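Chain by chain, the residues:
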Amino acid sequence: MTHHTPSTTDDTTGIAALSLADRAGLGSGRNFWQTKDIGDVPSITLTDGPHGLRKQTGGVDHLGLSSSVPATCFPPAAGLSQSWDPGLVERVGAALAEEAQAEDVQVLLGPGVNIKRSPLGGRNFEYYSEDPHLAGALGTAWVTGLQDGGVGASLKHFALNNQEHDRMRASSDVDPRPLREIYLRAFRKIVEDARPWTVMCSYNAVNGVPVRHSRELLTDILRGEWSFDGVVVSDWGAVGGRLRSVAAGLDLQMPSDGGTADAEVVTAVSNGQLDEDAVTVAAERVTALARRATAARRETSFDDETVEKHHALAREAAARSVVLLKNDGADGRHILPIAASGVTGSVAVIGPFAETPRYQGGGSSHVNPTRIDSPLELLKERLAAPVTYAAGFTTDGSGRDSGLLAEAVEDAANADIAVVFLGLSPDQESEGFDRTDLSLPPEQLGLLRAVRAVQERVVVVLSHGGALDLGEVSDLAPAILDANLLGQGGGAGIADVLTGEVNPSGKLTETLPARLADTPAYLDFPGEHGHVRYSEGLFVGYRWYDARNLRVAYPFGHGLSYTTFEYDEVFGQPDDDGDGITVTVGVSNTGRRAGREVVQAYVSVPDSDQVRAPRVLAGFGSVTLEPGEREEIEIHLDRRDLEYWDVRVGRFVLEPGRYVVHLGSSSRDLRGSVEVDLEGEEVHVPLTLESTLGEALAVPAVVDALGDVLGGMTGDGGDGLGVDMVKMMASIPLDRIITFSGGAVTREQLEELLEKANS
Ligand code: BGC
């Protein structure tokens, strides 16, 4: 999957010769969506957004309020991620590039790869996962597909924009390890492997510093460590005054502020407040982007044929992203697929989402779809049995409607099976605000109870962007399909899976918790007074539930199929250079239908000296098998997914020792494992007088010398240093030995010892 888009041009000729005012001018937009054309630097258009093109023609805004040109609405990231299919995501990226090219758009504002820290995050539907490996792998595919089509990506929202509440101000206060191992990890992978043309600087602050002012994030880490060579663009309206941002490494302020900040930049350079070089470098980067993007322009049109082709891809993506959460039996048969479950009478379809599907989220990613598939229409078309429809409830928040309820219950009672569409309405989740609970509206649960009272065979289809509390739904419904948000082809995708034309293979990319109170960020979300403490540390998503051994409703990685798979013994070996690990396993289709299995590789380091989650996703792959077929699948685990961030030395380290790779069908359905020893690297932290006795005793070169010195302290030549004595004294800093020995051990003696230890 690793792919480097060749830099078509880093042509910045002539820019240093432009006037300061022109160079400053290149650092901000000419309007809401375009950069300026200055000299021979062309203007380019940047626009939203990750799952479809939102090119506005009339009014402009960053909240999806004014209308935009028709474009294919692919599944939003939350839905698409459930495919666990980088190849498919890459094809979606390529289709987006075609539509952007046809509309003369040079940069598409996506992908959004922020981690779903809390299931309440209002914009979780725009993000891939609670897991950084998965978000990184899918984001890499998306950027690759898009940029291979000559359109630049804008990797967003960099960084730690994990909530909507107070998003333009709040500080995400996070420790170094979760910062590196969880929150920056997907960004790093995508920058290193797919080389996005731009990265979008988020609104929020990190550890008290607004990201737009953070040289550490925008320059030291992004460019210094990850070799990013593109443009850092502000999120729309993230920058007020630009001076500190330019100094930190921000290149392009969007949208236009009418030239106010450009003028401030010129003045600041003239009076020595801002380094002119920083302005020139930013102008050069914007120039290189504009020239590269212009050179990559292609003549295409979004004609009827392309509209059809992309709709077909949207349908395929939707069907592949459906997760079958539950499929119990009735009369010895699974409820789903409907066609095979022995339905002879009618099918009662219930719930307004069947007729008017919920298929995308609100805000800046809101796409004007070319068409919308209705699940109800497609079910009518495809099922041999008669299909009835009743709304059962409304989505306008007006509560229980007894008339609608009675109709739905009557239909359900007279049918062979009831398919009940439940979910969240658009006003319950959107960019700009977070949710406050995980519940489905009470009128929907009331309807489900009433339907279940008259009909045993109930299938629930869920439409929602954020995770839901499924406790009662799971108790009532023998079958549940999680349709998340599936884009304009979602209706077809749902019908395909319900009827059995497609065997579901989607898997959850976010844990569905048993209770909101069990979730990792519960006590620190959304923070207060402008600060959010990421107190759960590394334990985000399934890492938390596994470490605390908590029951969940449906685990990360879960998803059923209409067939069954068996795994053989797992094999694994370190790469020749000892860095990564390659594992293989045979998978067999042991059921009666062709199907696809997503195999997930989780790593544990049981003897680790570091704080670690019990298991961490480090790779995945998939295999499609006919009934009775067996195939071997190979999964490579990259060194970057095995390392931890060592705060003592401020870098990633591959810890030496035994790694256990578990292969599973979900994070809690592990089918086999293999142990692999990695040489890794020892970390040598220089000893100081602040080091503890325990730390000093871990350095073989000083053990004897230390014994002698301590002999001076105990007066028995160190013989009295039994195991317990060492344990008791292990946490005493070395310089304190001077005091405790009453001066018998001297500072000089210790310093000599340190010199020896550190040499
Ligand atoms: C959003 C970005 C979006 C931008 C432009 C902002 O409000 O956070 O994701 O790309 O607006 O619409």
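Labelled according to an unreviewed UniProt entry, the chain appears under the name Exo-alpha-(1->6)-L-arabinopyranosidase, originating from Corynebacterium glyciniphilum AJ 3170. UniProt's Sequence similarities (unreviewed entry) comment on the chain is quoted here verbatim: "Belongs to the glycosyl hydrolase 3 family." Taken verbatim from the UniProt record of the chain, the Function (unreviewed entry) comment is "Catalyzes the hydrolysis of a non-reducing terminal alpha-L-arabinopyranosidic linkage in ginsenoside Rb2 (alpha-L-arabinopyranosyl-(1->6)-alpha-D-glucopyranosyl) to release alpha-D-glucopyranosyl (Rd). It is not able to hydrolyze alpha-L-arabinofuranosyl-(1->6)-alpha-D-glucopyranosyl (Rc)."

Participant: How do you make sense of the overall build of the chain when you look at a structure like this?
Facilitator: Across its full length, the chain holds 22 helices and 30 strands. With respect to the principal axes defined by its C-alpha atoms, the chain has extents near 95 × 70 × 50 Å. Here the chain holds 759 residues, and the buried ones make up 61% of them. Pairs at least 24 apart in sequence give 76% of the contacts found in the chain among residues at least 6 apart. Split by element, the accessible area of the chain, about 28100 Å² in all, is 48% carbon and sulfur. Side chains of the chain carry 65 positive and 112 negative charges; the gap between the two charge centres is 2 Å.

Participant: For this particular structure, what's the right way to read the nonpolar core?
Facilitator: Looking at soluble globular proteins, one finds that nonpolar side chains tend to be buried together. Ranked by internal contacts, the top residues of the largest apolar core, which has 80 residues, are W142, F158, L160 and L184. Among the elements that make up this core, the one with the highest residue count is helix 4 (residues 132-148) (eight residues). Structurally, this core is a two-domain feature, drawing no fewer than three residues from each of domain 1 (20-295) and domain 3 (565-678). Leave out the neighbours within four places in its chain, and W142 touches P50, V89, G93, L96, L108, G110, P111, Y128 and A153. Counting residues in each nonpolar core, the second largest holds 65 residues, with L324, V420, A477 and A495 among its members.

Participant: How should helix 7 (residues 215-225) be read in this particular structure?
Facilitator: Residues spaced three or four apart along an α-helix point in a common direction, a consequence of the helix completing one turn every 3.6 residues. Those residues of helix 7 that fall on the buried side of the exposure criterion are L217, L218, T219, I221, L222 and R223. Within two residues after helix 7, S227 carries a phi angle of roughly 60°, on the positive side.

Participant: What am I meant to see in empty space enclosed by the protein here?
Facilitator: To find the voids left in a structure, one rolls a probe of water-molecule size over its atoms. What the rule picks out here adds up to nine cavities of 30 Å³ or more. Put simply, the largest cavity is a space of about 240 Å³. As for the largest cavity, its lining consists of 18 residues, and the residues nearest its centre are E181, R185, R612, V616 and E643. Residue composition of the lining of the largest cavity, grouped by class: 10 nonpolar, no polar and eight charged. When residues of the lining of the largest cavity are assigned to domains, at least three map to each of domain 1 (20-295) and domain 3 (565-678).

Participant: Sorry, what's going on with helix 6 (residues 185-194) here?
Facilitator: Of all 10 residues that make up helix 6, nine are buried, and the element is covered over most of its length. Those residues of helix 6 lying buried are R185, A186, F187, R188, K189, I190, V191, D193 and A194. Backbone geometry just downstream of helix 6 places R195 in the positive-phi region, at approximately 45°.

Participant: Please explain the site of the ligand as it appears in this structure.
Facilitator: Around the ligand sit 15 residues, and of these D48, R123, K156, H157 and D235 come closest. Take H157: an N or O atom from its side chain is 2.7 Å from an oxygen atom of the ligand. In the environment of the ligand, an oxygen atom lies 2.7 Å from a nitrogen or oxygen atom belonging to the side chain of D235. For the ligand, the accessible surface in isolation is 310 Å², of which the surrounding protein chains cover 100%. Of the residues that constitute the shell around the ligand, the class distribution is five nonpolar, three polar and seven charged.

Participant: I keep staring at the layout of surface pockets and nothing clicks. Help me out?
Facilitator: Empty space within the largest pocket amounts to approximately 700 Å³. Lining the largest pocket are 27 residues, with R648, V683, H684, V685 and A698 positioned closest to its centre. Residue assignment for the lining of the largest pocket shows that the elements contributing at least two residues are strand 29 (657-666), helix 18 (693-697) and helix 22 (747-758). Across the lining of the largest pocket, the residue classes tally to 12 nonpolar, seven polar and eight charged. In terms of domain composition, the lining of the largest pocket takes at least three residues from each of domain 3 (565-678) and domain 4 (693-758).

Participant: For this particular structure, what's the right way to read the sheet that holds strand 30 (residues 669-678)?
Facilitator: For sheets, the rule is that strands pair by backbone hydrogen bonds, running either parallel or antiparallel. Spatially, the four strands line up as an open sheet ordered 25-24-29-30, and their pairing is antiparallel. The sheet terminates laterally at strand 25 (616-625) and strand 30, the two strands that pair on one side only. Taking the axes of each pair of neighbouring strands and ignoring which way they run, one obtains an average angle of 20° across the sheet. Pairing geometry for strand 24 (residues 595-604) and strand 25, over nine bridges, is antiparallel. Residue E597 lies in a different strand from strand 25, and its bridge partner there is V623.

Participant: Quick question: what am I supposed to make of the packing of aromatic side chains here?
Facilitator: Each pair of aromatic rings is reported with the distance of its centres and the angle of its planes. Across all of its chains, the model carries 11 aromatic pairs by this definition. With 4.9 Å between their ring centres and 75° between their planes, F32 and W33 make a pair best called edge-to-face. Between Y542 and Y602 the ring centres are 5.8 Å apart and the planes differ by 85°, which places this aromatic pair in the edge-to-face class. You can see Y542 sitting in helix 17 (residues 542-547) and its partner Y602 sitting in strand 24, a full 60 residues away along the chain.

About the cut-offs
Residues numbered from 1 in each chain as written. Predicted model: local features only at pLDDT ≥ 70, side-chain atom pairs only at ≥ 80, totals over all residues. Heavy atoms only, no water. UniProt positions renumbered as here; feature names shortened; annotations may be inferred. Helix = DSSP H or I, 4+ residues; strand = E, 2+ residues; numbered from the N terminus. Buried < 20%, exposed > 50% of the residue type's maximum accessible area, 1.4 Å probe, protein only. Contact = heavy atoms within 4.5 Å. Areas by Shrake-Rupley, 256 points an atom, 1.4 Å probe, with all protein chains shown as cover. Lys, Arg positive; Asp, Glu negative; His and termini not counted. Charge placed at Lys NZ, Arg CZ, Asp CG, Glu CD. Core = buried A, V, L, I, M, F, W, Y, C linked by side-chain atoms within 4.5 Å. Domains from an automatic or database assignment. 1 Å grid on protein atoms, 1.4 Å probe; cavity = no way out; pocket = protein on both sides within 12 Å on 5 of 7 lines; lining within 4 Å. Points joined across faces, edges and corners; volume = space filled by probe spheres on them. Nonpolar A, V, L, I, M, F, W, Y, C, P; charged D, E, K, R; others polar. Near = heavy atom within 4 Å. Polar contact = N/O pair within 3.5 Å; in protein donor to acceptor, adjacent residues only side chain to side chain. Pairing = 2+ DSSP bridges. Axes fitted to C-alpha atoms, helices over the stretch in contact; angles between N-to-C directions. Phe/Tyr/Trp six-rings, centres within 6.5 Å; stacked < 30°, edge-to-face > 60°.

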